[in-house]
Amino acid sequence: MGTFDVIQGDITISRVDAIVNAANTTLLGGGGVDGAIHRAAGPDLFAACVPFNGCPTGEARITPGFELPAKWVIHTPGPVWRGGQHGEAALLAACYRYSLQLAVEHGCRTIDFPSLSTGVYGYPLDQAANIAVRTITDWLTAVDVTVRVRLVAFDSQTAAAYREAQQNLT
Ligand code: ADP
């Protein structure tokens, strides 16, 4: 049970229980949204990620948000697009499910996602949007608690793709 919305904005300013980070498997920071989250959270975030010794693609790890307005950060390494025949779709769906599960286990009721894998990792935007929207809405239907999930698109093209994926569902 819950709601799913698409908004356009900067996820580092989201005042929510948890934001999700499009991490890499080292969990030690990188470019794109990962770099922006680490800069906004401060150096404690890096220190909190070191003990994990990385994270496999499709799983997730949780840390405090430190200097972010968000209480928690959920770090999930999305799949790198390698043509679509290397399990990318299943791995991307697993990132969304694993992150949502970890969030509710920590009492989160408001959760914001960036568009996982569609930046440097090269996942085709329309395909990624369809997988994300379907996975999130299926998960919301199955869970007992009321959760508000948002997809925070950084640019208008990304927002449009996720809104279209939402339309395609119904
Ligand atoms: P990946 O390596 O998973 O592809 P990227 O960070 O390169 O991750 O890109 C994922 C998405 O995050 C892209 O749509 C990118 O435009 C977006 N993004 C970058 N900075 C921010 C931000 N501050 N807030 C929300 N989304 C962002």
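Scroll up to find the structure this text is about.
Note that the structure is a prediction, hence the values are computed from the model and not measured. By convention here, each chain's residues receive numbers from 1 onward along its written sequence. With pLDDT at 70 or above as the cut-off, local features in this predicted model cover only qualifying residues; side-chain atom pairs require 80 or more to be listed or tallied, and sums for whole chains, interfaces and linings still use all residues. The basis for every side-chain value is the complete set of heavy atoms in the structure, and neither hydrogens nor water enter the calculation.

Caption draft 1: How the structure looks around the sheet that holds strand 4 (residues 72–77). Strand pairing follows a simple DSSP-based rule, namely that at least 2 bridges must link the two strands. Each helix is a run of H or I in the DSSP string that is no shorter than four residues. Each strand is a run of E no shorter than two, and both are numbered from the N terminus. With mixed pairing, 6 strands are arranged side by side in an open sheet as 1-6-5-2-4-3. One side of each edge strand has no neighbouring strand; the edge strands of this open sheet are strand 1 (2–8) and strand 3 (61–64). Direction aside, the axes of adjacent strands within the sheet are offset by 25° on average. Any two residues whose heavy atoms approach within 4.5 Å are treated as being in contact. Between N-to-C directions, angles span 0 to 180 degrees; the directions come from axes that are lines fitted to C-alpha atoms, helices contributing only their stretch in contact. Set on the sheet, helix 1 (residues 32–41) makes contact with strand 2 (18–23) and strand 4; between it and strand 2 the angle comes to about 130°.

Caption draft 2: Quick look at the layout of surface pockets. The computed volume of the largest pocket comes to approximately 600 Å³. Among the elements of the structure, strand 2, helix 1 and strand 6 (147–153) are those that each provide at least two residues to the lining of the largest pocket. Ranked by residue count, the leading element in the lining of the largest pocket is helix 1, at 4 residues. Under the scheme applied, nonpolar residues are Ala, Val, Leu, Ile, Met, Phe, Trp, Tyr, Cys and Pro; charged residues are Asp, Glu, Lys and Arg; polar residues are all the others, including Gly. Residues of the lining of the largest pocket, tallied by class, amount to 12 nonpolar, 13 polar and 3 charged. Lining residues are those with an atom within 4 Å of a point, where the points come from a 1 Å grid over the protein atoms alone and group into cavities, where a 1.4 Å probe fits but cannot get out, or pockets, open sets with protein on both sides within 12 Å along at least five of seven lines. Grid points are joined across faces, edges and corners, and a volume is the space filled by probe spheres set on the points.

Caption draft 3: Expanded view of the state of the cysteines. Two cysteine sulfurs form what is called a disulfide whenever their separation falls within 2.5 Å. Following the criterion strictly, the structure yields 0 disulfides and no others. Its sulfur unpaired, C55 is 8.2 Å from the next cysteine sulfur, which belongs to C95.

Caption draft 4: How the structure looks around helix 5 (residues 156–169). Helix span, as expected, comes to 1.5 Å for every residue beyond the first. The first and last C-alpha atoms of helix 5 sit 20 Å apart over 14 residues, in line with the 20 Å expected at 1.5 Å per residue. Here helix 5 has its buried residues at T158, A159, A161, Y162 and A165. Here the buried residues of helix 5 occupy an arc of 165° about the axis, which is enough to place them on one side. Exposed positions of helix 5 whose direction lies more than 90 degrees from the buried face are Q157 and Q167. Packed against the buried residues of helix 5 are strand 1, helix 3 (88–105), helix 4 (125–142) and strand 6. Between the side-chain oxygen at the start of helix 5 and the backbone nitrogen of Q157 there is a gap of 3.2 Å, and the oxygen is on D155. Throughout, exposure labels follow a simple rule: accessible area from a 1.4 Å probe, protein chains only, divided by the maximum for the residue type, with under 20% read as buried, over 50% as exposed, and the rest as partly exposed. Directions pointing from the helix axis toward each C-beta atom define the arc. N or O atoms within 3.5 Å of each other form a polar contact, as long as, within protein, one can give a hydrogen and the other can take it, and as long as residues adjacent in sequence are counted only when both atoms are side-chain atoms.

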